[in-house]
Structure formats: C-alpha cells, structure tokens
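Inside the fold
Listed below, chain by chain, are the residues.
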Amino acid sequence: MPFGHDMVHSLAVVVDLVNTSPSTGGEDRLTDLQELGDFVERWQISGIGELGAADLSQVRALREAFHRVFTVSDHATTTTWLNALLSETRITPRLTEHDGHPLHVHYFAPDASLHEHLSADLGVALAHLLVENEWERLRTCSAPDCDNVFFDESRNRSRVYCDSRTCGNRMHVAAYRARRRV
C-alpha cells in the first residue's frame, strides 16, 4: 500500500516521539523544554505557541501511551487505546497550506495545545494504519540490545531493524564474524 506524505510524516513523528522514551531501552531524550522545543522544530510542528511545563508533562505522558500502542499485539486492545486517545482531542479536520508545504489535512483544532495536536494528527495516522490492515508495519527493532520502534515502509514488509546503518549493520557484521569463526 502506498502511503501519502502526511501519513508517512505523522508515523515518522510518532516513531521519533516514542523513541525518545527510556521505555525503548535508551536514555530519556525529552527531559526539558529545550528538548521538547527541538522536537517541535525538527518535525516542523506548526501552530504551537510558547511551550510550558504542562506541555512537556502532557507530551511525555502521550509518548508512553503511544509506546503502549506499539507494543500491544491484539487489535481489540489497540482499538480501545486509540479510541481513548482520540476521544481526548477536539478533532477538527481542515485543509491547509503553510510553511512551503503543499495542501494537506490537519486534524487538530486551530488553537490546540501541542498535546492535542500530536494526539489528533498522530492518533489519526495510527488509526488509518489499523483500518487499512497495515498494523504489522509498526515494529520493534530485532537487534537484541535495541528496543526502538519503527514503521516498516518496505514494499514486502521485510524490514527488521530500526536503522540499517546502525543496528542492521551491527547485526550483519556480527553474523559474518560468527560464520568466519566456524
């Protein structure tokens, strides 16, 4: 299934957000307002005013909710969690062009907080993935020392590592060395 730019972008944002969590085996990379601001800037999240402590707290809780969505294996639980997450937002779909981006859909209300913005846009992208029966594309890295999550965009759904340059390369080198020792 070809995925549109908006959906791929939203899925990349949710993956990056989840991977800032210590729940994925690394260090917490969303500890202060500076890191939250860097995240907002990196992903060009528009319409966000000045960030405060409440934003940081809400987004940190949201990333843990999204992490749970990535790790659940049954559709009923996933559906329940996504519905709960989406019910907390004021979803107001509208077409928009801004910051040099082509026409696209925003799902959050115009005055939404960062938490609402992310809940709506990222939650809708995950909901579409579930509805389109593409949920298995959300994965956890197969490297034994990595728990990062990723979205498999490959045509045949064959990706197993969060990053082929780091985890994938490391695992392939380890397998090669193991074969050479035999």
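Refer to the structure above for everything that follows.
Described in the following lines is the structure provided in the data block. (Residues numbered from 1 in each chain as written. Predicted model: local features only at pLDDT ≥ 70, side-chain atom pairs only at ≥ 80, totals over all residues. Heavy atoms only, no water.)

Tallied over the full model, the rule gives ten salt bridges. Glu64 is the salt-bridge partner of Arg63, the closest N and O atoms lying 3.1 Å from each other. (Salt bridge = Lys/Arg side-chain N within 4 Å of Asp/Glu carboxyl O.)

If you check which residues of helix α2 (residues 33-42) are buried, you get Leu36, Phe39 and Val40. Down the axis of α2, the smallest arc covering the buried residues is 95°, so these residues share one side. Opposite the buried face of α2, at more than 90 degrees from it, the exposed residues are Gln34 and Glu41. Against α1 (5-18), α3 (53-71) and α5 (114-131) lie the buried residues of α2. Capping the start of α2, Asp32 holds a side-chain oxygen 3.2 Å from the backbone nitrogen of Gln34, two or three residues further along. (Buried < 20%, exposed > 50% of the residue type's maximum accessible area, 1.4 Å probe, protein only. Helix = DSSP H or I, 4+ residues; strand = E, 2+ residues; numbered from the N terminus. Arc of directions from axis to C-beta. Contact = heavy atoms within 4.5 Å. Polar contact = N/O pair within 3.5 Å; in protein donor to acceptor, adjacent residues only side chain to side chain.)

Before going further, it helps to examine the packing of aromatic side chains. The tally for this structure, following the rule as stated, stands at zero aromatic pairs. Between the NZ or CZ atom of Arg68 and the centre of the ring of Trp81, over which it lies, the distance is 5.7 Å. Taking the ring centre of Phe108 as reference, the NZ or CZ of Arg94 above it sits at 5.1 Å. (Phe/Tyr/Trp six-rings, centres within 6.5 Å; stacked < 30°, edge-to-face > 60°. Lys NZ or Arg CZ within 6 Å of the ring centre and 35° of its normal.)

For the rest of this paragraph, the subject is the nonpolar core. Of all hydrophobic cores here, the largest spans 36 residues; its most connected members are Phe66, Leu118 and Leu126. Those elements giving two or more residues to this core turn out to be α1, α2, α3, α4 (75-87), α5 and β4 (149-151). The element best represented in this core is α1, accounting for eight residues. Contact partners of Phe66, with chain neighbours within four places excluded, come to Val14, Leu17, Val18, Leu85, Leu118, Ser119, Leu122, Gly123 and Leu126. Membership of the second largest hydrophobic core comes to seven residues, among which are Cys141, Phe150, Cys162 and Cys167. (Core = buried A, V, L, I, M, F, W, Y, C linked by side-chain atoms within 4.5 Å.)

Here we come to the packing of α4 against α5. Closest axis-to-axis distance for the α4/α5 pair is 10 Å, and the angle between their directions is 155°. By the angle between their axes, α4 is roughly antiparallel relative to α5. The chirality of how α4 crosses α5 is left-handed. Contacts between α4 and α5 involve His75, Thr78, Thr79, Leu82, Leu85 and Leu86 from the first element and Ser119, Ala120, Gly123, Val124, Leu126, Ala127 and Leu130 from the second. Along the lines of polarity and charge, the residues of the contact of α4 with α5 split into eight nonpolar, five polar and no charged. (Axes fitted to C-alpha atoms, helices over the stretch in contact; angles between N-to-C directions. Parallel < 35°, antiparallel > 145°, perpendicular 65-115°, else oblique. Left-handed = near helix turned anticlockwise from the far one by under 90°. Nonpolar A, V, L, I, M, F, W, Y, C, P; charged D, E, K, R; others polar.)

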